[in-house]
Amino acid sequence: MRAAVFLAWFCSLLLLAAGEQPRIPEEKLLVLTVATEETDGFRRFLRSARNFNYTVKVLGRGQKWSGGDFTTAPGGGQKVRLLKEALQEMESEDQVLLFTDSYDAVFASGPKELLRKFQQAKQRVVFSSERLIWPDRHLEDKHPHVREGNRFLGSGGFMGYLSNVKEMVADWTGEDGDSDQLFFTKIYIDPDKRKSFNITVDNKCRLFQNLHGALDDVVLKFEDGRVRARNVLTSVSCHEASTFMASGCDSSLSLSQSEGRIPVHLSGNQYLCGDHRHKSSRLVFQLQINYLGNYIPNSWTFETGCTTCQEDLRPLAALKDSEYPLVSIGIFIQQPTPFVSVFFERLLKLQYPKNRLKLFVYNQEPHHEHQVSSFLQDHGGLYRDVRSVTPEEDMDSAGARDLALDICRKDQDCEYFFNLDVEVVLKNENTLKILIEQNLPVVAPMITRAGRLWSNFWGAVSADGYYARSEDYVDIVQGRRVSQSLDPDMAFCHGLRSAGVFMFVTNMQTFGRILSTENYRSSHLHNDLWQIFENPVDWEERYIHENYSRIMKDQLIETPCPDVYWFPVFSDIACDHLVEEMEHFGKWSGGGQRGECS
């Protein structure tokens, strides 16, 4: 007790000695944001705010967005108008406001740290900073110079006292489509206004971290069950570190403070264009904030694993078969592929009511027409509906995928569309149930190619919209972190990102793998027999007897007569295929020419 009293007295003494103002109470902070519609990014922002108990007021909810699309010219004036209108109803002079974007932003820490760092800035209004100027690079020379860090103002996040912010936006008379950043920039570069409103920029990214021009500067830092973003470029001096500890008196905030800036607010600058912010840059920044948002705030740590994966689930266990969501499964065969018969066998084993499934089967490969028609003839009647597109219909893959999605969209009862390429080996019979229970807009089961770092998941996309490897790709694929002419799949993903829809992948269970199709030949009767080296796992499952591995352990070797040993090696299917393949060949090998029947 005495130690606690002494520590409190010591902290107070340090504050008085340093001549600092008393801490701003957390209840004095109000977060304001503009969100005319609820996107996945907006929900992520609110989740991070709730995690740290921020008080958030949303402006413009349900209104039509008229602030520009940011793809042809700068915009955002509507945000300033809505902010100005909201401030007219506020009167508390000691109120502190944080005005921030929300579609591309997350909090990494709570109000206590944010307010402390705001007070340490010793200004009444603090804007986020950026390394690159936007939207008018001709104003570069008018910006104040800084000895270290970012020089230019960013409007994606700023905070200040109500009276100062209200006075700052009072002169706004622009249109909704005008640039909010240009408006605030012109205030900042005017020496008289900058002094009058007491404005500065967070040039060392202690409060705000914008990713524009800083992608290589920001890394994740895991420590003691927490995860933060760290700016490795702006280091903390010894003097600043000692000031931080003295004024804070809070050892829990020591996460790598001696190594770099630990921002409280992260912004991905989602809607970017103009002089520097073209579409490719917009994509990269958007993906980077998505990457950081997978971990911050504490969504995944090494100690806890995924902390959000069990939230907002949609349980199916208590439902009757007739109550299950209707799912349309799109099956796509675009090239000669091994083990297609096994694919349809596994499809039959999916643990989901067949009368709640609709099938769309697209086959571009004549070689597999017999397997498709046999499956539909024997089992098509089990499903609610079946639609088949044959090679004779001459429909390309993109058109087929659009058609499959349209069929589901036009059916009012269809709740989900499940895309399934034939090269996917779906081993988990509960895959469909697991995905639906995740209750996510778009989710895929993690599947990999046996023995390789090849999967259906990529954690990053290049500036031109194609695959790129993210920092955490290997950890996710290997399960250590469990959780514009484009190809049809990349075009689909691009469309979702443009609409603000998040895509998820789950690796919390094992779902299956992906076949290799590169060297598959279709010149034999049973072509799968030749897949022993290209797809060894699938070849063994298909052709090796289920008891082969138990020969020695369970003594399955029989000796019907001396020097004759009888034990299981091949499956019945393997024996049938071998015999049929030889009979189909129809002649003896010449003996002198190896590989004649290969």
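Whatever comes next refers back to the structure up there.
Rules of the game
- Residues numbered from 1 in each chain as written.
- Predicted model: local features only at pLDDT ≥ 70, side-chain atom pairs only at ≥ 80, totals over all residues.
- Heavy atoms only, no water.
- Helix = DSSP H or I, 4+ residues; strand = E, 2+ residues; numbered from the N terminus.
- Buried < 20%, exposed > 50% of the residue type's maximum accessible area, 1.4 Å probe, protein only.
- Areas by Shrake-Rupley, 256 points an atom, 1.4 Å probe, with all protein chains shown as cover.
- Patch = residues over 30% accessible without salt bridge, like charges linked within 9 Å, V, L, I, M, F, W, Y side chains within 5 Å.
- Salt bridge = Lys/Arg side-chain N within 4 Å of Asp/Glu carboxyl O.
- Polar contact = N/O pair within 3.5 Å; in protein donor to acceptor, adjacent residues only side chain to side chain.
- Contact = heavy atoms within 4.5 Å.
- Pairing = 2+ DSSP bridges.
- Axes fitted to C-alpha atoms, helices over the stretch in contact; angles between N-to-C directions.
- Core = buried A, V, L, I, M, F, W, Y, C linked by side-chain atoms within 4.5 Å.
- Phe/Tyr/Trp six-rings, centres within 6.5 Å; stacked < 30°, edge-to-face > 60°.
- Disulfide = S-S within 2.5 Å.

Peer 1: Honestly, the overall build of the protein chain in this entry has me stumped. Any pointers?
Peer 2: Helix and strand content of the protein chain: 17 helices and 25 strands. The burial tally for the protein chain puts 48% of its 598 residues in the buried class. Carbon together with sulfur atoms contributes 50% to the accessible area of the protein chain, which is approximately 30,200 Å² in total.

Peer 1: Honestly, a nonpolar patch on the surface in this entry has me stumped. Any pointers?
Peer 2: A surface patch of nonpolar side chains, about 560 Å² in accessible area, is lined by Tyr548, Met552, Ile557, Tyr565 and Phe567. Here phenylalanine 567 shows up in the loop between β25 (564-566) and α17 (572-585). When its relative accessible area of 36% is taken as the criterion, phenylalanine 567 is described as partly exposed.

Peer 1: I would appreciate a short explanation of unusual backbone geometry in the present structure.
Peer 2: Note on backbone geometry: most residues besides glycine have negative phi, and most peptide bonds are trans. Of note, the bond from tryptophan 134 into proline 135 is cis; its omega dihedral lies within 30 degrees of zero at 5°. Turning to its location among the elements, proline 135 is positioned in the loop between β5 (125-130) and β6 (152-161). Here the bond from isoleucine 296 into proline 297 is cis, since omega is 0°, no more than 30 degrees from zero. Among the structural elements, proline 297 can be located in the loop between α9 (279-293) and β12 (300-301). Even without glycine at this site, asparagine 439 takes up a positive phi of about 55°. By secondary structure assignment, the location of asparagine 439 is in the loop between α13 (431-437) and β19 (443-445). Judged by relative accessible area, asparagine 439 falls into the partly exposed class, the value being 39%. Positive phi values are uncommon outside glycine, yet aspartate 563 reaches one of about 65°. Mapped onto the elements of the fold, aspartate 563 is located in the loop between β24 (558-561) and β25.

Peer 1: How should I be thinking about the side chain of serine 102 in this particular structure?
Peer 2: By the secondary structure assignment, serine 102 is in the loop between β3 (96-100) and β4 (105-107). Looking at serine 102, the relative accessible area reads 1%, which means it is buried. A distance of 3.1 Å separates polar atoms of two side chains, one belonging to serine 102 and the other to threonine 33. Apart from residues lying up to four places away in sequence, serine 102 is in contact with Thr33, Val34, Ala35, Gly41, Phe42 and Phe45.

Peer 1: What is the right way to read the sheet that holds β4 from this model?
Peer 2: Adjacent strands of a sheet form backbone hydrogen bonds with each other and so pair up, either parallel or antiparallel. Pairing is mixed in the open sheet, where three strands are placed in the order β4-β11-β8. The outermost strands of the open sheet, each flanked by one partner alone, are β4 and β8 (208-210). Adjacent strand axes in the sheet meet at a mean angle of 15° when their direction is disregarded. Both β4 and strand β11 (residues 265-267) contribute to a ladder of three bridges, which runs antiparallel. Its bridge partner being in β11, alanine 105 is matched across the sheet by serine 267.

Peer 1: Which parts of the structure should I look at to understand the nonpolar core?
Peer 2: Generally speaking, a soluble globular protein has its nonpolar side chains buried in company with each other. Membership of the largest hydrophobic core comes to 33 residues, with the highest contact counts inside it found for Val327, Ile329, Phe344 and Leu347. Counting residues per element, the ones that place at least two in this core are β14 (326-333), α10 (340-349), β15 (357-363), α11 (369-379), β17 (414-421), β18 (424-426) and α13. Every residue in contact with isoleucine 329, bar those within four places of it in the chain, is listed here: Leu347, Leu350, Leu357, Lys358, Leu359, Phe360, Phe418, Leu420 and Leu432. If you look at the next biggest cluster of nonpolar residues, it comprises 32 residues, including Leu82, Phe127, Phe152 and Val169.

Peer 1: Any chance you could explain the packing of aromatic side chains here in plain terms?
Peer 2: The geometry of an aromatic ring pair comes down to the distance between the two centres and the angle between the two planes. For the coordinates displayed, the defined rule picks out 23 aromatic pairs. When the centroid spacing of 4.0 Å and the interplanar angle of 15° are considered together, the rings of tyrosine 54 and phenylalanine 107 count as stacked. In this pair, tyrosine 54 sits in the loop between α2 (40-51) and β2 (56-59) while phenylalanine 107 sits in strand β4, placing the two residues 53 residues apart along the sequence. Phenylalanine 107 carries the same exposure label as tyrosine 54, and that label is buried. Ring centres of phenylalanine 99 and phenylalanine 158 lie 5.5 Å apart, and the angle between their planes is 55°; on these two criteria the pair is classed as tilted. A residue pair is termed long-range when its members are at least 10 positions apart, and phenylalanine 99 in strand β3 and phenylalanine 158 in strand β6 qualify at 59 residues. Per residue, the accessibility class of phenylalanine 99 equals that of phenylalanine 158, and both read buried.

Peer 1: Sorry if this is basic, but what is going on with the sheet that holds strand β1 (residues 29-34) here?
Peer 2: A sheet is described by the order of its strands in space; here six strands give the open sequence β2-β1-β3-β6-β5-β7, paired in mixed fashion. Each having just a single partner strand, β2 and β7 (199-201) make up the two edges of the open sheet. Taken over all neighbouring pairs, the strand axes of this sheet differ in orientation by 25° on average, direction set aside. Judged from the six bridges that link them, β5 and β6 form a sheet pairing that is antiparallel. From the neighbouring strand, valine 125 faces β6, where its bridge partner is glycine 160. Packing against the sheet, α2 makes contact with β1, β2 and β3, and its axis sits at approximately 160° to β2.

Peer 1: Please explain the state of the cysteines as it appears in this structure.
Peer 2: By definition, a disulfide links two cysteine residues through a covalent bond between their sulfur atoms. A complete count under the given rule lists two disulfides for this structure. Each sulfur in the disulfide pair cysteine 306 and cysteine 309 lies 1.9 Å from the other. The S-S bond linking cysteine 306 to cysteine 309 shows a torsion near 95°; that makes this disulfide right-handed. Relative accessible area serves as the criterion here: at 23%, cysteine 306 is assigned to the partly exposed category. With relative accessibility at 13%, the residue cysteine 309 sits in the buried group. In this model, cysteine 408 is linked to cysteine 414 through a disulfide, with the two sulfur atoms separated by 2.1 Å. The sign of the S-S torsion, about -90°, decides the handedness of the disulfide formed by cysteine 408 and cysteine 414: left-handed. A relative accessible area of 9% places cysteine 408 in the buried class. Overall, the relative accessible area of 12% leaves cysteine 414 in the buried class.

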